[in-house]
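Okay, here's what each chain looks like letter by letter:
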Amino acid sequence: MKYLILTDIFGLTPWTDSLKTKLEELGHQVQVLDPYQGEYLNLADETAAYAAFCETSSHDGYYQSALTLAKTHLPDTLIGFSAGASAAWRIASNKGLNLKSIHCFYPSQIRYYHDLSPKYPCQLILPNYEGSFDVAAMGEYLQGRTNLEIEMSQYGHGFMNPLSAHYNEKAEEIALRQLFSIV
């Protein structure tokens, strides 16, 4: 299978490298897209990551890059985190990609694209809280759409990323186990 991983605003990190390696060890082809054209920025925290993201990219720009790569790379599966998950959610509504699955971990920008409907099997893993919108209301609003599975997590935004303030090792372990049971 071919995977496309869309990183969060931290971009490439040892954690994204590890996820790529694990998938490759399972025999998959993996491509990773980050907002910084493959440069490791080693950002210290969310504040630094957000500043770097705003300086070098945008949500629309990241989405356009991800869509272009999805159309040329033709992955079977998209896995996105935060900004990457929001891009994956937008890609899910595009026809002609033949995606087998999309996994979106805490896509906060979904609040601007809540009227989209996935054309492919899509799993949204929503955090327990977002300061910018009511996560539970968003989950209820999206509930019942074709090709959509919603999981309301008990963990915060960024729970998979060791650099995030909301990182939770147990939550990461559970999510990776679920993800690898699918692959």
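Now for a look at the structure at hand. The model shown is predicted, which means the values in this text are computed figures rather than measured ones.

1. Let's talk about the layout of surface pockets
The gaps left among the atoms become clear once a water-sized probe is rolled over them.
Logical step 1: Taken as a whole, the largest pocket spans an internal volume of roughly 400 Å³.
Logical step 2: The wall of the largest pocket is formed by 22 residues, among which Ile9, Glu46, Ser82, Ser108 and His157 lie closest to the centre.
Logical step 3: Listed by contribution, the elements that provide at least two residues to the lining of the largest pocket are α2 (46-56) and α4 (83-91).
Logical step 4: A per-class count over the lining of the largest pocket returns six nonpolar, 13 polar and three charged.
Logical step 5: Computed from the structure, the second largest pocket encloses a volume of approximately 190 Å³.
Logical step 6: Broken down by secondary-structure element, the contributors of at least two residues to the lining of the second largest pocket are β5 (122-126) and α6 (169-182).
Logical step 7: With six residues, α6 is the single largest residue contributor to the lining of the second largest pocket.
Logical step 8: In the lining of the second largest pocket, the residues fall into nine nonpolar, four polar and one charged.

2. Some remarks on the nonpolar core
Logical step 1: The biggest cluster of nonpolar side chains holds 39 residues, and the ones touching the most others in it are Leu6, Trp89, Ile91, Ile102, Cys104, Leu124 and Leu142.
Logical step 2: Among the elements of the structure, β1 (2-6), α2, α3 (59-73), α4, β4 (101-105), β5, α5 (135-142) and β6 (148-152) are those that each provide at least two residues to this core.
Logical step 3: With near-sequence residues (within four places) excluded, Leu124 lies in contact with Trp89, Cys104, Pro107, Ile110, Leu142, Leu148, Glu149, Ile150 and Glu151.
Logical step 4: Counting 18 residues, the second-largest nonpolar core is a separate cluster that includes Val30, Phe105, Met160 and Leu176.

Conventions adopted
- Residues numbered from 1 in each chain as written.
- Predicted model: local features only at pLDDT ≥ 70, side-chain atom pairs only at ≥ 80, totals over all residues.
- Heavy atoms only, no water.
- 1 Å grid on protein atoms, 1.4 Å probe; cavity = no way out; pocket = protein on both sides within 12 Å on 5 of 7 lines; lining within 4 Å.
- Points joined across faces, edges and corners; volume = space filled by probe spheres on them.
- Helix = DSSP H or I, 4+ residues; strand = E, 2+ residues; numbered from the N terminus.
- Nonpolar A, V, L, I, M, F, W, Y, C, P; charged D, E, K, R; others polar.
- Core = buried A, V, L, I, M, F, W, Y, C linked by side-chain atoms within 4.5 Å.
- Buried < 20%, exposed > 50% of the residue type's maximum accessible area, 1.4 Å probe, protein only.
- Contact = heavy atoms within 4.5 Å.

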